[in-house]
Amino acid sequence: MQKLKLAIQKKGRLSDDSINLINECGISFPKSSGKLVTAAYDFPMEILFLRDDDIPDYVQDGVADIGIVGENVLVESGKNVDVVSQIGFGKCRLSLAVPRNITYNNLKELEGKAIATSYPKILQSYLEQHQVQADIHVISGSVEIAPSIGLADAICDIVSTGSTLLSNGLKEVETIFQSQAVLIKNQQLSAEKNEILNQLVFRMEAVRRAQKNKYILLNAPNASLEKIISLLPGINSPTVQALAKEGWSSVHSVITEKDFWEKIQQLKDAGAEGILVMPIEKLIY
Ligand code: PRT
Ligand code: ZN
C-alpha cells in the first residue's frame, strides 16, 4: 500500500499545532528523534519535517504529497499546489508599518520610499494593485529593525499581537494579507493517495468541528421548551427527554463557541436551569 507523505514544519510556530492536529486525528508516530522522515504507526502516512519555506516546493515537486504551511509562505513561494483547506491555526497578517513618529495618511505616501521585507512578491503585487512604486529591500530576518538602522523608511512584515512593532517604535498602517495555516496538496496525486487524503481530511474536519462546538445539557420547564428549542438548533434538532420532576424536561444539543456566552444568557432568560457544557472530542455529521 502507498503511503501519503505529509510535510510539516520541523521547528517553529506551526510545529506543535501541526503535530497536535495529526495526533487528534488518531494518527501517532515516534516522538521527534531529529530524523527528517518518520512513518506513522497506525495510518498509511509518512511525516517529513522541513523548514516551512521548503514545504511548497517539496509538495509541488512531489517529494511530499501534502503539507501544512502558512498561506503567507505559500503565496510568496508562487508554487503550483492545490489548497485543500484552511486549518485555523497560525493566524497572522502581513502588514506595512512605519516609524511611530511619522504622520501617515495613505499608501501614496510610500511612493519612492524604501520598504524592507521578506515578502517581496506579495508586497510588489499589493503596491502594483494600488499603483504605488517603492523600492523593495529584501531581508530575510529581523525586518523590524530596518527603519531604526536607516535601511528603510517602512517595513512589510508578519504581525500577530503587534508587540514586536511596538517595541521597535513602529506602527501598523496597512494590512495587506491575512494568513493562517493551510493544508496543501500536489496537483498530480495518485487515486490511491487521494483516497488516503480524503480519510485524513474527514478526520481533520471532525477535529476542527469538535474544537468549535460544545455539548450542552440543560433543564427547562415545559412551558419554555419551545423558546429554548428555537435557541438551540443543534445538528438536526435538540434531544428532549422528560425529567422525573413533573413539568420539566432535559434538553441536549450542540452549541458553537462563536456566540457561546450570548446563547447561554438567552437560555437562562428563557428559563433554562442546571446548564452543563462539555467539550466534544470528535463531531461527525
Ligand atoms: O525555520 P523555519 O523557516 O521553518 O521557520 P520561520 O522562522 O521562517 O517561521 P516561524 O516558525 O517564525 O513561523 C511560521 C509561520 O507561522 C509563519 O510563516 C506564519 O504563517 C505563522 N505566524 C503566525 C507567524 C506569526 N504568527 C508571527 N508572529 N510567523 C512569524 N511571526 C513573527 C513575525 O515575523 C514578527 O517577527 O513574530 C513577530 C511578530 O509577532 P507579534 O506577536 O509581536 O506581532
Ligand atoms: Zn521560514
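What you are looking at is a predicted structure, and each value in this text was computed from that prediction instead of being measured. (Residues numbered from 1 in each chain as written. Chains lettered and ligands numbered in written order. Predicted model: local features only at pLDDT ≥ 70, side-chain atom pairs only at ≥ 80, totals over all residues. Heavy atoms only, no water.)

A.B. asks: Explain the overall build of the protein residue by residue, including any values.
C.D. replies: Within the protein one finds eight helices and 15 strands. On C-alpha atoms alone, the protein measures out to a radius of gyration of 24 Å, which is more than a quarter above the 19 Å that the 2.2 N^0.38 rule sets for 285 residues. Expressed as lengths along the three principal axes of its C-alpha atoms, the size of the protein is roughly 75 × 55 × 35 Å. Counting only residues that meet the buried cut, the protein has 44% of its 285 residues in that class. (Helix = DSSP H or I, 4+ residues; strand = E, 2+ residues; numbered from the N terminus. Rg over C-alpha atoms; globule rule 2.2 N^0.38 Å. Buried < 20%, exposed > 50% of the residue type's maximum accessible area, 1.4 Å probe, protein only.)

A.B. asks: Which residues make up the coordination of the zinc ion (ligand 2), and what values go with them?
C.D. replies: Taken together, the protein ligands of the zinc ion (ligand 2) are Asp52 (OD) and Asp53 (OD), with distances of 2.0 to 2.1 Å. Classification of the site at the zinc ion (ligand 2) rests on its four donor atoms, whose angles at the metal span 75 to 174 degrees, yielding the label irregular. What makes Asp52 buried here is its relative accessible area of 19%. (Donors = N, O, S within 2.8 Å, 3.2 Å for Na, K, Ca; no water. Tetrahedral: all angles 85-135°; square planar, octahedral: opposite > 155°, others 65-115°.)

A.B. asks: Requested: an account of the site of ligand 1, with residues and values cited.
C.D. replies: Surrounding ligand 1, one finds 22 residues, the nearest of these being Asp53, Asn72, Thr161, Gly162 and Thr164. In this structure, Gln9 approaches ligand 1 through a side-chain N or O atom, which is 2.8 Å from an oxygen atom. Between Arg51 and ligand 1, the recorded distance is 2.8 Å, taken from a side-chain N or O atom to an oxygen atom. A total of 830 Å² of accessible area belongs to ligand 1 in isolation, and the protein chains cover 77% of it. If you list the elements that add at least two residues to the shell around ligand 1, you get α3 (71-77), β9 (154-159) and α5 (163-167). Among the elements that make up the shell around ligand 1, the one with the highest residue count is β9 (three residues). Mapping the shell around ligand 1 onto the domain boundaries places at least three of its residues in each of domain 1 (4-89 + 180-210) and domain 2 (92-179). (Near = heavy atom within 4 Å. Polar contact = N/O pair within 3.5 Å; in protein donor to acceptor, adjacent residues only side chain to side chain. Areas by Shrake-Rupley, 256 points an atom, 1.4 Å probe, with all protein chains shown as cover. Domains from an automatic or database assignment.)

A.B. asks: Tell me about the domain arrangement of the protein, and name the residues and values.
C.D. replies: Interface size is commonly expressed as the accessible area that is lost once the parts come together. Domain assignment breaks the protein into domain 1 (4-89 + 180-210), domain 2 (92-179) and domain 3 (213-279). Computed from C-alpha coordinates alone, the two centres of domain 1 and domain 3 are separated by 38 Å.

A.B. asks: Tell me about unusual backbone geometry, residues and numbers included.
C.D. replies: Phi is positive for Gln131, which is not a glycine, with a value near 50 degrees. With respect to the helices and strands, Gln131 occurs in the loop between α4 (120-129) and β8 (135-138). The phi torsion at Ser142 lies on the positive side, around 45 degrees, for a residue other than glycine. Position of Ser142 among the secondary structure elements: in the loop between β8 and β9. Judged by its relative accessible area of 44%, Ser142 is partly exposed.

A.B. asks: Can you lay out a nonpolar patch on the surface for me, pointing to particular residues and giving the numbers?
C.D. replies: A contiguous nonpolar patch, built from Ile145, Ile149 and Leu151 and spanning about 260 Å² of accessible area, is present on the exposed surface. On the secondary structure map, Ile145 appears in the loop between β8 and β9. (Patch = residues over 30% accessible without salt bridge, like charges linked within 9 Å, V, L, I, M, F, W, Y side chains within 5 Å. Salt bridge = Lys/Arg side-chain N within 4 Å of Asp/Glu carboxyl O.)

A.B. asks: Before we move on, could you go through the pairing of strand β3 (residues 45-50) and cite the residues and values that matter?
C.D. replies: Counting buried positions along β3 yields five of six residues, so the element is predominantly enclosed. Alignment of strand β2 (residues 37-39) against β3, held across three bridges, turns out to be antiparallel. Its bridge partner being in β3, Val37 is matched across the sheet by Leu48. As consecutive antiparallel partners, β2 and β3 are separated by five residues. (Pairing = 2+ DSSP bridges.)

A.B. asks: I'd like a rundown of the pattern of salt bridges, residues and numbers included.
C.D. replies: Per the stated rule, a full pass over the model turns up eight salt bridges. The closest approach of N and O atoms between Lys79 and Asp57, which form a salt bridge, is 3.4 Å. Here Asp57 lies in helix α2 (residues 55-61) and Lys79 lies in the loop between α3 and β5 (82-86), a separation of 22 residues in the sequence. A relative accessible area of 30% places Lys79 in the partly exposed class. Look at Asp57 and you get partly exposed, because its relative accessible area is 29%. One salt bridge in this structure joins Glu205 and Arg209, with 3.9 Å as the shortest N-O distance.

A.B. asks: Pulling in residues and values, what's your account of the sheet that holds strand β6 (residues 92-99)?
C.D. replies: Taken together, the five strands give an open sheet; going across it, the order is β8-β7-β9-β6-β10, and neighbouring strands pair in mixed fashion. In the strand order of this sheet, the two ends are held by β8 and β10 (170-179), each with one partner. Across the sheet, the mean angle from the axis of one strand to that of its neighbour is 25 degrees, orientation sign disregarded. When strand β7 (residues 114-117) meets β8, the two strands line up parallel, connected through four bridges. Residue pairing across strands places Thr117 opposite Val138, the latter belonging to β8. Here α4 sits on the sheet and contacts β6, β7, β8, β9 and β10; the angle it forms with β10, its principal contact strand, is near 100 degrees. (Axes fitted to C-alpha atoms, helices over the stretch in contact; angles between N-to-C directions. Contact = heavy atoms within 4.5 Å.)

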